[in-house]
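A look at the structure
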Amino acid sequence: MEFSINGQEDKGFTKIEKYNQETTEELMYHYKKVLELLGEDAEREGLEKTPLRVAKAMQFLTQGYHIKPEDILRSAMFKEDYKQMVIVKDIEVYSMCEHHMLPFVGRAHVAYIPNGYITGLSKIARVVDAFARRLQVQERLTTQIKDCINDTLSPLGVAVVIEAQHMCMSMRGVQKQNSITTTSDFTGAFENLATREEFIRLISAKTI
Ligand SMILES: Nc1nc2c(ncn2[C@@H]2O[C@H](COP(=O)(O)OP(=O)(O)OP(=O)(O)O)[C@@H](O)[C@H]2O)c(=O)[nH]1
Ligand SMILES: [Zn+2]
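- As annotated in an unreviewed UniProt entry, the protein is GTP cyclohydrolase 1 from Marinifilum flexuosum.
- We quote the UniProt Sequence similarities (unreviewed entry) comment for the protein here in full: "Belongs to the GTP cyclohydrolase I family."
- Under the Catalytic activity (unreviewed entry) heading, UniProt states for the protein: "GTP + H2O = 7,8-dihydroneopterin 3'-triphosphate + formate + H(+)".

**Looking at the overall build of the protein**
- Assigned secondary structure in the protein consists of eight helices and nine strands.
- Principal-axis analysis of the C-alpha atoms places the extent of the protein at approximately 60 × 40 × 30 Å.
- Within the span of the protein, comprising 208 residues, buried residues form 39% of the whole.
- When contacts within the protein are restricted to residue pairs at least 6 apart in sequence, those whose partners lie at least 24 apart make up 68%.

**A short note on the pattern of salt bridges**
- Tallying each qualifying case throughout the model produces eight salt bridges.
- Arg107 serves as the salt-bridge partner of Asp90, at 3.1 Å between the closest nitrogen and oxygen. Here Arg107 lies in strand β5 (residues 103-113) and Asp90 lies in strand β4 (residues 86-97), a separation of 17 residues in the sequence.
- By relative accessible area, Arg107 is classed as partly exposed at 38%.
- Its salt-bridge partner being Asp185, residue Lys146 comes within 3.3 Å of it at the nearest N-O pair. Separated by 39 residues along the polypeptide, Lys146 in helix α6 (residues 138-153) and Asp185 in strand β9 (residues 181-188) bring together distant segments of the chain.

**Structural notes on the UniProt feature "binding site: Zn(2+)" (unreviewed entry) in the protein**
- With numbering matched to this structure, UniProt assigns "binding site: Zn(2+)" (unreviewed entry) to Cys97, His100 and Cys168. Their sequence span is 72 residues, while the largest C-alpha to C-alpha distance among them is just 7.9 Å; these annotated residues converge on one region.
- With respect to the helices, strands and loops of the structure, His100 is situated in the loop between β4 and β5.
- His100 sits in the partly exposed class, given a relative accessible area of 37%.
- What His100 contacts, discounting residues up to four positions off in sequence, is Cys168 and Arg172.
- Relative to the helices and strands, Cys168 is located in helix α7 (residues 167-170).
- Classification of Cys168 by relative accessible area gives buried; the value is 11%.

Parameters and conventions
Residues numbered from 1 in each chain as written. Chains lettered and ligands numbered in written order. Predicted model: local features only at pLDDT ≥ 70, side-chain atom pairs only at ≥ 80, totals over all residues. Heavy atoms only, no water. UniProt positions renumbered as here; feature names shortened; annotations may be inferred. Helix = DSSP H or I, 4+ residues; strand = E, 2+ residues; numbered from the N terminus. Buried < 20%, exposed > 50% of the residue type's maximum accessible area, 1.4 Å probe, protein only. Contact = heavy atoms within 4.5 Å. Salt bridge = Lys/Arg side-chain N within 4 Å of Asp/Glu carboxyl O.

Given below as structure tokens:
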């Protein structure tokens, strides 16, 4: 049996729509143990529902495993002759580092040059989410987004830049509060320096 989040539809969760009850119950069992191991009274009022909340939150944050990002792009592919750069910049990224299961948060900038087909702009952001909502490293996230767009749309080129702050580097460990990690991956026409520079200039420019 499955149940929905507080009986509400959550748009970001449409691909699996409901939490799996068996998984949720198992996660709850383990998170209750985690609370106890951390020295907490898992029965006290404030924590009583915490295992359930965390079980749902973790399934939400890893829902990307149940989504096929290629299908997102294919669901809105339109024949179009436009052969210039399309850039969707400043896409919020909320992901979790696979080493510490702590968040890394930042922005993705994605560009492609169509070759017969364009895709819905929102689908680019959805692809970013589908890969971000997994346990990740920033480098793999960057490359997966690029590969997905490249393999699905067969464009003339794809470029992805991600800038992010890793909580595992600020809240703990080396405790650097202001360091930003930038990763990038390019293919096709973006291997040309002038094209790549145009992309970098456009994502750096203040717009609107
Ligand atoms: N390359 C890469 N490293 C990451 C990412 N997220 C976290 N890390 C790093 O993963 C590394 C794991 O290193 P370990 O030495 O095994 O773990 P640790 O002892 O917790 O390391 P510290 O964070 O230095 O305390 C750390 O250097 C993290 O900064 C990421 O997206 N990409
Ligand atoms: Zn980490």
